[in-house]
Amino acid sequence: MKYLISLAFLFSTQLSASQSILECVFFLNGSVHAKAPIDLPIKSKTKWASFEGLEFFISGPNKLNHHIIEIFNPNTPSREYVEGELQDQGDSLAYASWTRNSLLELKCSRLNKL
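Residues numbered from 1 in each chain as written. Predicted model: local features only at pLDDT ≥ 70, side-chain atom pairs only at ≥ 80, totals over all residues. Heavy atoms only, no water.

*Asks:* I'm lost on the pattern of salt bridges in this one. Help?
*Replies:* Here the idea is simple: oppositely charged side chains can pair when their charged atoms come close. Following the criterion strictly, the structure yields 4 salt bridges and no others. Lys 35 is paired through a salt bridge with Glu 23; the nearest N and O atoms lie 4.0 Å apart. In this pair, Lys 35 is assigned in strand β2 (residues 31-40) and Glu 23 in strand β1 (residues 20-28), connecting sequence segments 12 residues apart. Overall, the relative accessible area of 55% leaves Lys 35 in the exposed class. (Salt bridge = Lys/Arg side-chain N within 4 Å of Asp/Glu carboxyl O. Helix = DSSP H or I, 4+ residues; strand = E, 2+ residues; numbered from the N terminus. Buried < 20%, exposed > 50% of the residue type's maximum accessible area, 1.4 Å probe, protein only.)

What follows is the structure in structure tokens.
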């Protein structure tokens, strides 16, 4: 019985260590339009916000804590990506797109520590 309890505890700690807990924020012209905490299991992809046809996804982590922010625009159609390692608490990925009419910014930061 002790062996089963120890094995269950070990599995649960490994599972939580492989997940990323992120906070993603979408800014438009300096104002927050969406803010979401995301519990991202290993090798998964999550749609976390949308705005005027744009869809925002975050995917990862793999074994190297590689994450990808994806912005899908079905009107063009096009996809834009930002990739990077989010290994330590406070690490972040950021994206910005500026036009004459607007400034769109995305930022996802890691909240948990490995």
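*Asks:* Would you explain the state of the cysteines in this entry?
*Replies:* Each disulfide is one covalent bond, formed between the sulfur atoms of two cysteines. For the structure shown, the criterion picks out 1 disulfide. The disulfide partner of Cys 24 is Cys 108, and the S-S distance across this bridge is 2.0 Å. For the disulfide bridge between Cys 24 and Cys 108, the dihedral angle about the S-S bond is near 115°, and by the sign convention the bridge is right-handed. Here Cys 24 is found in strand β1, whereas its partner Cys 108 is found in strand β8 (residues 103-110), with 84 residues between them in sequence. When its relative accessible area of 0% is taken as the criterion, Cys 108 is described as buried. (Disulfide = S-S within 2.5 Å.)

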